[in-house]
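Notes for the structure review
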Amino acid sequence: DSGAPAANQVVIGRQAAGGLQWWVGINGGDGLISFLLRDRTGAGAAADLEGVGNINPTDGLWHHVVAVRDNSTNTNFIYVDGVLQGSSTFDYLAGFDSATAPINIGHLGSGFYFDGLIDEVALYDRALPLSEIQEHYNGRAPAEDGYCLGIAPFVPFPDDTISLWDLNETTGPYFDSFDGNDGTGGTGNPPNPPTAAAGIVNGAQDFNGTDTEINVPADNSFDWQSDESFSIEFWVNIDSGAP
């Protein structure tokens, strides 16, 4: 049950009043990967990587996605399955910080809900090089060799890893393996968490594209500044098109 969604679907993102917005997900219409990065003033539209590349992840299979901000060259990159899909340059003058904005997994704000499986979401405070991205992708099988389990040679170093959500839980909270940035399953009444499912490494979470979500409270470890590099990494399996 696969196909390009009719509207954008966010796998992970963050936004706040005043302009801050970044997200990585699936572009509506063509189903290609997107990476948008706006600083707290809203600057950065010229660098949007929206619906780029030639690997379409809406095929019902697992895909490895990494979005990178490399401040040393003022370049944003997006990779799928270890292959560069697009890049753009922009010199941000303000940071990507907020005292209140949570990290959203499976949606952004009150919309852009994702329909499919998400697994092994990681944030790094450095730009992952292509060689390491390809190691992480190729380490997916057998599962016990995957970088996500922290087994050599795929061990994310704590000094570089901000958070890693394994998403193995059968119910929330959704624990951060590296820090205390644990997520909760939605803010509805009753709460609207995703459903536990088989993942690329152990378990994953299945989002319904309508109202399921995970939210991680604001933390200064997510407050990247304009002169910092960082990376956003996850595995995704898109179940279907728009809900």
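Residues numbered from 1 in each chain as written. Predicted model: local features only at pLDDT ≥ 70, side-chain atom pairs only at ≥ 80, totals over all residues. Heavy atoms only, no water.

One finds I12, V24, I78, L123 and I232 to be the most contacted residues of the largest nonpolar core, which totals 39 residues. It is strand β14 (residues 230-238) that contributes the most residues to this core, five residues altogether. For V24, the residues in contact, after removing those within four places along its chain, are V10, V11, I12, S34, F35, V65, A67, I78, I232 and F234. (Core = buried A, V, L, I, M, F, W, Y, C linked by side-chain atoms within 4.5 Å. Buried < 20%, exposed > 50% of the residue type's maximum accessible area, 1.4 Å probe, protein only. Helix = DSSP H or I, 4+ residues; strand = E, 2+ residues; numbered from the N terminus. Contact = heavy atoms within 4.5 Å.)

The tally for this structure, following the rule as stated, stands at eight aromatic pairs. Judged by centre distance (3.9 Å) and plane angle (5°), the ring pair of W224 and F230 falls under stacked. Each member of the pair, W224 together with F230, is buried. Taken together, W22, F90, Y92, F96, W224 and F230 form an aromatic cluster joined through their ring pairs. (Phe/Tyr/Trp six-rings, centres within 6.5 Å; stacked < 30°, edge-to-face > 60°.)

With respect to topology, six strands assemble into an open sheet ordered β4-β3-β2-β1-β8-β13, the strand pairing being antiparallel. Across the chains shown, the open sheet's two edge strands, defined by having one partner strand only, are β4 (49-52) and β13 (214-216). Neighbour-to-neighbour, the strand axes of the sheet open up by a mean angle of 10°, direction not taken into account. Two strands pair when backbone bridges link them, and strand β1 (residues 9-15) and strand β8 (residues 103-105) are joined in this way by two bridges, in the antiparallel orientation. Note that in β8 the partner of I12 across the bridge is I105. (Pairing = 2+ DSSP bridges. Axes fitted to C-alpha atoms, helices over the stretch in contact; angles between N-to-C directions.)

Summarising the element assignment, T184 is placed in the loop between β10 (161-165) and β11 (195-198). Given the relative accessible area of 43%, T184 is considered partly exposed. Counting along the chain gives 30 residues from T184 to I214, while the straight-line C-alpha distance between them is 5.4 Å. In this view, T184 contacts Y174, E213, I214 and N215; residues no more than four positions away in its chain are not counted.

A few words on the confidence of the model for the chain. Across the chain, pLDDT averages 88, with 86% of residues at or above 70. Between residues 141-146, whose pLDDT stays under 50, and residues either more than four places distant or in other chains, the model counts ten contacts. (pLDDT = per-residue confidence, 0-100.)

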